[in-house]
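Next come the chains, spelled out residue by residue.
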Amino acid sequence: MYYDEAADAVLNNLNTSEEAGLSSGEAEKRLDKYGKNELKEEEKTSVVKLFLSQFKSFLIVILIAAALVSAFLGELVDAFVILFTVVLAGVLGFVQEYRAEESIKLLKSLTSPEALVLRDGKEGKVPSSLLVPGDILLLQAGDRIPADARLLEALSMKVDESSLTGESVPVEKSINIFPPETPQPDRKNMVYTGTSVTYGRGKAVITATGMSTAFGKLAGLLGEIERDKTPLQEKLDQFGRWLGTATLIVVAFVAILGIIEGFDPFEMFLWGVALAVAAIPEALPAVVTVGLALGVRRMVKRHALVRKLPSVETLGSTNIICTDKTGTLTQNKMIVEKVYANGTLFTVTGEGYKPTGDFFRGDSPVSKDIHLHKLLVTGTLCNDAGLVEEEGRWDIMGDPTEGALVVAAAKGGLWKAVLEEKHERKGEVPFSSERKLMTTLNTSEDGLYAHAKGAPEVILAACTKIFLEGHEEELTPERKQEILGIVNDLANKTLRVMGFAYRKVPEDILPEEAEKDMVFSGLMGMRDPPREEVKVGIATCTSAGIRTIMITGDHKTTAFAIARELGIFREGDLVLTGTELEGLGDREFDEIVEKVSVYARVYPEHKLKVVEALKKKGYIVAMTGDGVNDAPALKAADMGIAMGITGTDVSKEASSMILTDDNFASIVSAVEEGRNILKNIKNFIAYGLTCHIGLVLIVLVGVLAWHTLPVIAVQILWINLITDGLPPMALSMEAPDRGLMKQKPTKAKEGLVSKRMLIASLGLGTLIAVQSIWVLHNSLSNGVPLSKIQTLIFTLVVISLMFNAFNWRSERYSVFSLGIFTNKSLIYAVLSTVLLQLVAIYVPIMQIAFQTVPLSLSDWAMIIPLASTTLIAMEFVKYLEWRIHR
Ligand code: ATP
């Protein structure tokens with residue numbers, strides 16, 4: 001039962017050690033015994049099911065019925081060909097859906113969480129699925145708890161158990177022992193799968209994993225990648241239904257007319273079914289999913305992990321990006337450059353995390369200074385980061401801000417490990433973005449001391465004294481002003497400034513109570529250089545009609561200086577602090593929100609306010625975040641973006657996208673990919689539309705005006721199959737073109753295809769139809785046999801559509817300027833389609849099936865130039881547009 005036993009007994013029972021954890025060998029054995037730490041998922045659609053589901057559509061059923069009718073009437077060849085195309089269409093659909101499915105699975109495996117555990121005496125991250133009972137978990141604020149566990153340590157630890165109990169107030173945890181009759185929600189020394197740490201830290205031993213956990217017993221599902229239909233897919237569905245109904249009416253009408261005109265009723269029926277199949281873009285939704293999924297894969301390569309497919313579209317229409325500063329715009333590689341103590345400003349030399357460097361007062365090096373010493377001790381003890389050397393390279397573990405302090409102290413000859421041994425930590429109040437302060441209680445030779453560090457104004461508010469000339473003196477308002485002046489100077493130089501204080505405290509004090517009457521010991525200013533790619537990224541956003549807004553917990557002056565350097569802040573913009581924001585009424589804030597480009601010293605809840613105000617104005621807002629308390633803002637934003645490296649599990653779960661490198665530039669790449677995916681999808685929809693319009697026109701005009709079937713039913717099916725198959729997939733792989741990040745974002749409400757695309761598809765479809773009708777008319781007047789005419793038109797349509805595929809690589813740019821061979825997939829797709837067409841007209845058995853006759857060279861000499869006019873016409877229009885807009 002664990003919660004009613006002493007921690008030692010629990011550890012004994014589970015045969016593990018609090019200090020070293022399990023050995024890797026033992027963990028492996030237990031994994032075999034207990035299985036993976038996973039909740040059983042709903043049954044996956046099996047491959048067979050997926051394949052069979054392709055044959056469920058209404059049209060396919062009609063086609064199968066048509067095949068049966070043909071067989072019944074003795075038209076075995078027709079029956080066979082129809083079935084053949086049905087199966088082939090099924091296979092194609094299956095392949096596409098399977099690929100989409102695989103991409104989604106891949107995404108899921110990429111987003112699967114990790115946990116920090118002790119194994120073989122070392123801390124390390126382990127995929128949560130490999131955790132076993134007996135593992136020692138290290139938990140901190142923002143972590144999703146990966147298994148049920150008994151707490152061994154709990155430092156101000158609070159856990160949000162709403163997913164389990166529905167109770168929204170976080171539960172304070174403890175390590176007390178509880179009587180056996182305690183109901184589950186009150187067993188405060190236990191933590192449960194699926195809940196998350198909102199505050200503090202803890203250590204726990206895993207007692208149950210997978211389906212044996214309390215959550216597993218409830219058998220809910222967590223962290224599923226959502227697969228809602230995207231707005232585009234919904235529009236496509238609507239469009240398909242509309243087109244379907246319209247076609248069915250026209251087809252029925254013409255078929256009846258045909259029968260009245262004396263065509264064979266059975267032939268008309270087959271023809272009607274084939275035309276309906278050709279006119280309805282039933283394959284498009286699957287192709288769109290593949291398009292989205294392929295794009296998502298490309299995004300992964302560019303460090304952006306999309307968790308929900310619809311977000312890809314949102315990315316394409318995003319017009320405001322609200323971003324954190326530290327780590328996203330900057331490198332998060334902090335180095336302490338300036339130190340202020342005893343009224344003196346010191347300069348610190350050295351590079352990176354290497355702990356070699358010196359302290360200078362003006363030009364002269366300083367070797368010993370009691371004030372510096374006090375400041376560095378506080379910075380090191382009130383600190384959870386570590387400094388490690390591996391193969392001559394120095395690196396830090398933990399928060400870079402804290403790491404920089406450890407490095408600075410080491411440069412002054414104070415090593416963290418040594419200090420910690422001498423000054424044991426007895427208690428702490430952890431850092432949070434709201435408090436902007438952290439305090440620890442550490443022992444010393446003359447008793448217990450509190451050490452605090454945090455935002456300078458917060459530290460100053462907790463201080464009444466200052467350490468000057470070896471004494472603790474009163475911190476007068478003048479002295480405070482002087483210090484704030486120094487803070488401002490340092491911040492103006494883009495340094496991140498932190499204040500430090502200490503105090504001797506009674507042995508029995510609670511950590512929270514120590515944060516007053518403190519002695520101010522100094523400031524440290526650290527440099528966090530902007531990431532190199534960010535400046536270009538912001539400029540790209542500006543030219544793409546996207547505004548970048550900085551929202552940071554850092555000081556106003558530092559934030560402003562960096563925003564100006566990066567081009568986020570421009571003349572006429574406003575900078576607002578969290579406090580100023582709070583002072584504004586909703587209406588006042590709404591009035592200025594569009595002018596603010598920097599928010600500084602904000603609390604996470606301010607982020608929500610900003611998102612809501614911007615959304616109210618109709619913007620599509622992307623927002624980054626990493627902490628536990630950023631979750632509401634991430635959820636409220638159209639596009640919540642979490643940090644892959646520094647982000648908490650909770651923020652990741654609330655987001656639609658995760659940046660695997662925490663880099664702002666990756667958001668820009670993702671937006672570009674998002675736009676590209678949308679562009680490609682629209683292009684291949686337009687391509688498909690051209691095909692369908694062309695085909696329907698040809699047949700309608702042929703039957704109504706020339707009383708001839710220009711192509712027969714099985715040929716229509718074939719055209720539909722091969723033109724809907726590979727070329728759209730290839731079009732979805734088209735690379736971004738140069739204009740993509742120079743256009744304004746697409747409006748979220750914009751239709752499936754723009755008006756101009758619709759006109760272009762109509763025009764091209766008509767062109768293809770006119771050519772075919774011309775061939776029909778000419779051949780009929782020259783007495784060419786019908787099967788030859790049909791073969792000519794059948795082939796002409798397919799080849800025209802292949803030329804047309806090149807048109808839709810870009811709505812605006814000439815294929816020649818894109819480079820004819822730059823989309824290799826399209827070249828292969830077109831070659832394969834042409835090859836299939838050759839098979840259909842030259843292989844004897846196919847000639848029987850499709851009622852084709854072989855074409856001569858002179859036939860080809862007519863078909864190819866005619867078909868190429870599709871490309872020439874569109875190139876000409878693109879050229880004219882370019883001339884006009886130049
Ligand atoms: P961003 O929101 O852009 O990531 P940030 O990292 O500065 O910026 P917070 O982490 O909320 O935002 O930090 C706010 C302030 O709290 C910092 O400017 C700093 O003064 C102080 N601070 C940051 N980290 C610590 C820490 N580990 N201990 C104490 N104070 C800290």
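Quick caveat, the model's predicted, so the values are computed rather than measured.

Rules used throughout
- Residues numbered from 1 in each chain as written.
- Predicted model: local features only at pLDDT ≥ 70, side-chain atom pairs only at ≥ 80, totals over all residues.
- Heavy atoms only, no water.
- Helix = DSSP H or I, 4+ residues; strand = E, 2+ residues; numbered from the N terminus.
- Buried < 20%, exposed > 50% of the residue type's maximum accessible area, 1.4 Å probe, protein only.
- Contact = heavy atoms within 4.5 Å.
- Areas by Shrake-Rupley, 256 points an atom, 1.4 Å probe, with all protein chains shown as cover.
- Near = heavy atom within 4 Å.
- Polar contact = N/O pair within 3.5 Å; in protein donor to acceptor, adjacent residues only side chain to side chain.
- Salt bridge = Lys/Arg side-chain N within 4 Å of Asp/Glu carboxyl O.
- Patch = residues over 30% accessible without salt bridge, like charges linked within 9 Å, V, L, I, M, F, W, Y side chains within 5 Å.
- Pairing = 2+ DSSP bridges.
- Axes fitted to C-alpha atoms, helices over the stretch in contact; angles between N-to-C directions.
- Domains from an automatic or database assignment.
- Buried area = accessible area lost by both parts, 1.4 Å probe.
- Parallel < 35°, antiparallel > 145°, perpendicular 65-115°, else oblique.
- Left-handed = near helix turned anticlockwise from the far one by under 90°.
- Nonpolar A, V, L, I, M, F, W, Y, C, P; charged D, E, K, R; others polar.
- pLDDT = per-residue confidence, 0-100.
- Right-handed = clockwise from strand over helix to strand, strands pointing away.
- Phe/Tyr/Trp six-rings, centres within 6.5 Å; stacked < 30°, edge-to-face > 60°.
- Lys NZ or Arg CZ within 6 Å of the ring centre and 35° of its normal.

1. Here we look at the overall build of the chain
And step 1. Looking only at helices and strands, the chain has 31 helices and 28 strands in total.
And step 2. With the principal axes as the frame, the chain shows a C-alpha extent of 115 × 65 × 55 Å.
And step 3. Here the chain holds 886 residues, and the buried ones make up 55% of them.
And step 4. Residue pairs at least 24 apart in sequence account for 71% of intrachain contacts in the chain once pairs closer than 6 positions are excluded.
And step 5. When the accessible area of the chain is evaluated, it comes to approximately 38,300 Å², of which 59% is carbon and sulfur surface.

2. Thoughts on the site of the ligand
And step 1. Lining the immediate surroundings of the ligand are 19 residues, of which Lys325, Thr326, Glu402, Arg496 and Thr552 lie closest.
And step 2. Between an oxygen atom of the ligand and a main-chain N or O atom of glycine 553, the distance comes to 3.0 Å.
And step 3. One of the side-chain nitrogen or oxygen atoms of aspartate 554 is found 3.1 Å away from an oxygen atom of the ligand.
And step 4. Calculation on the ligand without its partners gives an accessible area of 610 Å², and the protein chains cover 91% of this total.
And step 5. Broken down by secondary-structure element, the contributors of at least two residues to the shell around the ligand are strand S18 (447-454) and strand S21 (496-505).

3. Comments concerning the environment of valine 86
And step 1. Residue position: valine 86 is located in helix H5 (residues 76-111).
And step 2. Residue valine 86 is classed as buried on the basis of its relative accessible area of 3%.
And step 3. Along the primary structure valine 86 and alanine 67 are separated by 19 residues, whereas in three dimensions their C-alpha atoms are 9.6 Å apart.
And step 4. When near neighbours in sequence (up to four residues on either side) are disregarded, valine 86 contacts Phe55, Ile60, Leu63 and Ile64.

4. Digging into the pattern of salt bridges
And step 1. Taken as a whole, this structure holds 32 salt bridges when the rule is applied.
And step 2. Across the salt bridge formed by lysine 173 and glutamate 161, the nearest N and O atoms sit 2.7 Å from each other. With lysine 173 in the loop between strand S5 (171-172) and strand S6 (190-191) and glutamate 161 in the loop between strand S4 (148-160) and helix H6 (162-165), the pair connects residues that are 12 residues apart, well separated along the chain.
And step 3. Glutamate 161 gets classed as buried once you look at its relative accessible area, which sits at 2%.
And step 4. For the salt bridge of aspartate 554 with arginine 496, the shortest nitrogen-to-oxygen distance reads 3.2 Å. Placement of aspartate 554 in the loop between strand S23 (547-551) and helix H18 (556-566) and of arginine 496 in strand S21 is noted, with a sequence separation of 58 residues between them.
And step 5. On the accessibility criterion, aspartate 554 (4% relative accessible area) is buried.
And step 6. A relative accessible area of 18% places arginine 496 in the buried class.
And step 7. Taken together, the salt bridges that share partners define one network made up of Arg201, Asp384, Arg425 and Glu428.

5. Description of a nonpolar patch on the surface
And step 1. A contiguous nonpolar patch, built from Phe876, Tyr879, Leu880, Trp882 and Ile884 and spanning about 570 Å² of accessible area, is present on the exposed surface.
And step 2. Structurally, leucine 880 can be placed in helix H31 (residues 857-885).

6. As for the sheet that holds strand S28 (residues 657-659)
And step 1. Spatially, S8-S28-S27-S26-S9-S23-S25-S24 is the arrangement adopted by the eight strands of the open sheet, whose pairing is mixed. Strand pairing shows two members of the sheet lacking a second neighbour, strand S8 (304-306) and strand S24 (574-577), which therefore form its edges. Sheet twist, expressed as the mean angle between neighbouring strand axes with direction ignored, is 20°.
And step 2. Where S23 meets strand S25 (residues 596-600), two bridges bridge the pair, whose relative direction is parallel. Considered in S25, the bridge of methionine 550 is made with valine 598.

7. Some words on the domain arrangement of the chain
A common way to report how large an interface is uses the accessible area buried once the components associate.
And step 1. The domain boundaries assigned to the chain delineate domain 1 (7-34 + 114-224), domain 2 (231-303 + 672-885), domain 3 (314-330 + 532-668) and domain 4 (335-527).
And step 2. The gap between the C-alpha centroids of domain 2 and domain 3 is 44 Å.
And step 3. On the side of domain 3, 17 residues touch domain 2, which itself brings 14 residues to the contact.
And step 4. Roughly 1,100 Å² is buried in total at the junction of domain 2 and domain 3, and carbon and sulfur atoms are behind 56% of that figure.
And step 5. Area buried by domain 2 at its contact with domain 3 is led by His303, Met741 and Pro745, which between them contribute 49% of it.
And step 6. Remark: the boundary between domain 2 and domain 3 carries zero salt bridges.

8. Some points on the packing of helix H24 (residues 664-706) against helix H27 (residues 786-807)
And step 1. H27 packs onto H24 with a crossing angle of 155° between their chain directions and a minimal axis gap of 10 Å. The angle between the axes of H24 and H27 places the two elements in the roughly antiparallel class. You can see that H24 and H27 cross each other, and the crossing is right-handed. Contacts from Tyr687, Thr690, Cys691, Leu695 and Ile698 in H24 reach Ile793, Val797, Leu801, Met802, Asn804 and Ala805 in H27.
And step 2. Here the residues of the contact of H24 with H27 sort into nine nonpolar, two polar and no charged.

9. Section: the confidence of the model for the chain
And step 1. On average, residues of the chain score 87 in pLDDT, and 95% of them reach the 70 mark or higher.
And step 2. The model gives residues 220-227 a pLDDT under 50, and that stretch makes 20 contacts with residues more than four places away or in other chains.

10. Side note on the pairing of strand S27 (residues 639-643)
And step 1. The buried fraction of S27 is high, at five of five residues.
And step 2. Residues of S27 alternate between two faces, with Met639, Ile641 and Met643 on one and Gly640 and Ala642 on the opposite face, all of them buried.
And step 3. Judged from the four bridges that link them, strand S26 (residues 621-625) and S27 form a sheet pairing that is parallel. Bridging from a neighbouring strand, alanine 622 pairs with methionine 639 of S27.
And step 4. Regarding the hand of the β-α-β motif, the stretch spanning S26, helix H22 (residues 631-636) and S27 is right-handed.
And step 5. Pairing between S27 and S28: three bridges, direction parallel. Following the sheet pairing, alanine 642 is matched in S28 by isoleucine 658.
And step 6. With respect to chirality, the unit in which S27 leads through helix H23 (residues 649-654) into the neighbouring parallel S28 is right-handed.

11. A word on unusual backbone geometry
And step 1. Positioned with a positive phi, glutamate 469 is a non-glycine residue whose angle comes to about 45°.
And step 2. One can find glutamate 469 in the loop between strand S19 (463-468) and strand S20 (471-474).
And step 3. You can call glutamate 469 exposed: its relative accessible area is 56%.
And step 4. Even without being a glycine, glutamine 851 presents a positive backbone phi close to 50°.
And step 5. Along the chain, glutamine 851 falls in the loop between helix H30 (844-850) and H31.

12. A short note on the packing of aromatic side chains
The description of an aromatic ring pair uses the distance of the two centres, along with the angle that the planes make with each other.
And step 1. On inspection of all chains with the given rule, the structure shows nine aromatic pairs.
And step 2. With a centroid separation of 6.3 Å and an interplanar angle of 40°, the aromatic rings of tryptophan 394 and tryptophan 415 are classed as tilted. Here tryptophan 394, found in strand S15 (residues 393-397), pairs with tryptophan 415, found in the loop between helix H13 (400-411) and helix H14 (416-422); they are 21 residues apart in sequence, far enough to count as distant.
And step 3. Taking relative accessible area as the criterion, tryptophan 394 reaches 23% and is therefore assigned partly exposed.
And step 4. A relative accessible area of 39% places tryptophan 415 in the partly exposed class.
And step 5. A centroid spacing of 6.0 Å and a plane angle of 40° characterise the contact between tyrosine 879 and tryptophan 882, whose relative ring orientation is tilted. Residue tyrosine 879 and its partner tryptophan 882 are both found in helix H31; the two are separated by three residues, about one turn of the helix.
And step 6. According to the relative accessible area criterion, tyrosine 879 is partly exposed, its value standing at 39%.
And step 7. We classify tryptophan 882 as partly exposed; its relative accessible area is 47%.
And step 8. Cluster of aromatic residues (ring-pair linked, three or more members): Tyr449, Phe467 and Tyr502.
And step 9. The ring of tyrosine 199 is capped by lysine 158, whose NZ or CZ atom sits 5.5 Å from the centre of that ring.

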